[in-house]
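What the coordinates show
In case you want the letters, here they are:
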Amino acid sequence: MKYSVKAILMRGGVARGIFFNESDLPQSTEERNSFFLSAFSSPLDCQNDGIGGGSLTSNRIAIIKKSNNNADIDFTFAQVLPNENKVDYSSNCGNMLAAAGPYAIEAKIIVPKINNDKVKLKIYNKNTGSSVNSTFCIENGTVKYAGDTLLDGIQRKYSPIELDFGNAIGLATGKVFPTGSKIDTICGIDTTCIDAAMPIIIIRSIDLGLTGLESKQEIDDNIDLKSKLLKIRLQAGILMGFDNVKDMAIPKICIFTHPSDGGTVAARYIDPIFCHPQFGITAGLALATAAKIPGTNINEYLKPDNNIEKFIIEHPSGTLPLTLNIKIDNDAIFLNKAANITTAKKIFNGILYAE
């Protein structure tokens, strides 16, 4: 085998990915990407000659190193596209960030400073140039995974991990509304394009002829809908300053409607052409931010109470609870807190071989 690299497979939030110590990987980007594609068996839909699971939620990579950026560790997220010969670094992933801190301790990249059986790590996200605070539990000097926190979409309870993204405004584009407008009509559909933790395109379900409560399978099987969303995404990408987003993981699409089960909103997350079985943390924070800003399509439709910090997104597998504290001063928008309680799990630790 050409490559044999130490790796840990971890679940973070509702996705799983392979975590690497940057020092163990090939140093050139070209060779590194070649290793990733071989290890995941891409491009091949079933990916049965590697560790890829054939879906975006299982084709994820996190690269960790000790930080020189006024943080504890540096985090780089990479997305391997199952049926394309490409590794994408343009996106962000709150789920993989959930496992970044625990991995850094498991891989002995850092020695944690423990306070009352907890550790708080500052993670510098190299994809976005921003920092995230991760707080989780330690037991007998190592990461505590067992606990009482249950995520919808995950079978068992685990120890809680708090991620606080802070003022995650304009991380990809430099603007909260990269098109310059709170509502843009694209392909005849009113959209809100926002960049807060993740650049997303927000669409009312009714404008697409949907209820907004469709299952993942119903959305994935709707060929006409996918064609329409693709056209909207390509045009929105240009308006948001990304040029051609055909081969990029961002921007994502969020389709929303009124809640049906006590949440703040019911929504479906398209990542980037298939419906996510749950809902991404960073996309959720972007949706919640838009909902609290007057003039956006989701704010005008839902009219949520900005004094309530809790924001609950109903998705196909349950709910995603978020905490958002937003300050709006004329056109200036500041997030005092943008947080989520999530969990992580170490699945295996070993050597990954690839040609």
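Computed from a prediction, not measured in an experiment: that's the story for all the values here. (Residues numbered from 1 in each chain as written. Predicted model: local features only at pLDDT ≥ 70, side-chain atom pairs only at ≥ 80, totals over all residues. Heavy atoms only, no water.)

A word on the overall build of the protein chain
Here is the rule we go by: Here a helix means four or more residues in a row that DSSP labels H or I, a strand means two or more in a row labelled E, and each is numbered from the N terminus. We take the radius of gyration over the C-alpha atoms and set the globule estimate at 2.2 Å times the residue count to the 0.38 power. Exposure classes here rest on a 1.4 Å probe applied to the protein chains alone. A residue is buried below 20% of its type maximum, exposed above 50%, and partly exposed in between. Note on definitions: a residue-residue contact is assigned when non-hydrogen atoms from the two residues lie within 4.5 Å. Per-residue and other accessible areas follow the Shrake-Rupley method at a 1.4 Å probe size, with only the shown protein chains counted as cover for residues.
Of regular secondary structure, the protein chain possesses 6 helices and 19 strands. Whereas a compact globule of 355 residues would reach a radius of gyration of roughly 20 Å, the protein chain reaches 19 Å, a difference of no more than 12%. Viewed in the frame of its principal axes, the protein chain has a C-alpha envelope of about 50 × 45 × 35 Å. Here the protein chain holds 355 residues, and the buried ones make up 55% of them. The long-range share in the protein chain, meaning contacts at least 24 apart out of those at least 6 apart in sequence, stands at 62%. Approximately 15,100 Å² of the protein chain is accessible, and the part contributed by carbon and sulfur atoms is 46%.

What about the pattern of salt bridges?
Test applied: What makes a salt bridge here is a side-chain nitrogen of Lys or Arg within 4 Å of a carboxyl oxygen of Asp or Glu, nothing more.
With the rule as written, the count across this model stands at 8 salt bridges. K337 serves as the salt-bridge partner of E162, at 3.4 Å between the closest nitrogen and oxygen. One end of the pair, E162, is in strand β10 (residues 161–164); the other, K337, is in strand β18 (residues 332–342), and 175 residues separate them in sequence. Its relative accessible area of 27% is what places E162 among the partly exposed residues. The exposure class of K337 is partly exposed, given its relative accessible area of 27%.

Looking at the packing of aromatic side chains
Spelled out, the test is: Two rings from Phe, Tyr or Trp (for Trp, the six-membered ring) form a pair when their centres sit within 6.5 Å of each other. Planes less than 30 degrees apart are called stacked, planes more than 60 degrees apart edge-to-face, and all others tilted. Here, a charge over a ring means that NZ of Lys or CZ of Arg falls within 6 Å of the ring centre while also lying within 35 degrees of the ring normal.
This structure, assessed with the given rule, holds 7 aromatic pairs. Between F256 and Y301, the aromatic rings sit 5.6 Å apart at their centres with planes inclined by 75°, giving edge-to-face as the arrangement. On the criterion of sequence distance, the pair formed by F256 in strand β14 (residues 252–257) and Y301 in helix α6 (residues 297–302) is long-range, its members being 45 residues apart. For F256, a relative accessible area of 0% gives the class buried. With 5.2 Å between their ring centres and 35° between their planes, Y269 and F279 make a pair best called tilted. Highlighted residues: Y269 in strand β15 (residues 265–270) and F279 in the loop between β15 and α5 (281–291), separated in sequence by 10 residues. Take Y269: its relative accessible area is 4%, and that puts it in the buried class. Three or more aromatic residues link up through ring pairs in this structure, and these residues are Y3, F20, F35 and F36. Here R11 stacks its cationic end above the ring of Y158, 4.7 Å away from the centre of that ring.

Some points on helix α4 (residues 223–239)
Cut-off, in case you're wondering: Working rule for helices: expected span equals 1.5 Å times residues minus one. It is the directions from the helix axis to the C-beta atoms whose arc is reported.
With 17 residues, α4 should reach 24 Å at 1.5 Å per residue; the first-to-last C-alpha distance of 25 Å fits that figure. Along α4, the residues that are buried comprise L225, L229, I232, R233, A236 and G237. Taken around the axis of α4, the buried residues stretch over an arc of 135°, which confines them to a single face. In α4, those exposed residues whose orientation departs by more than 90 degrees from the buried face are I223, D224, K231 and I238. Looking at the packing, one finds that the buried side of α4 touches β11 (184–186), β12 (189–196), β13 (198–204), α3 (216–220), β14 and β15. Where α4 terminates, the next one or two residues include G241, which has phi positive at roughly 95°.

Keep in mind these values describe shape, not function.
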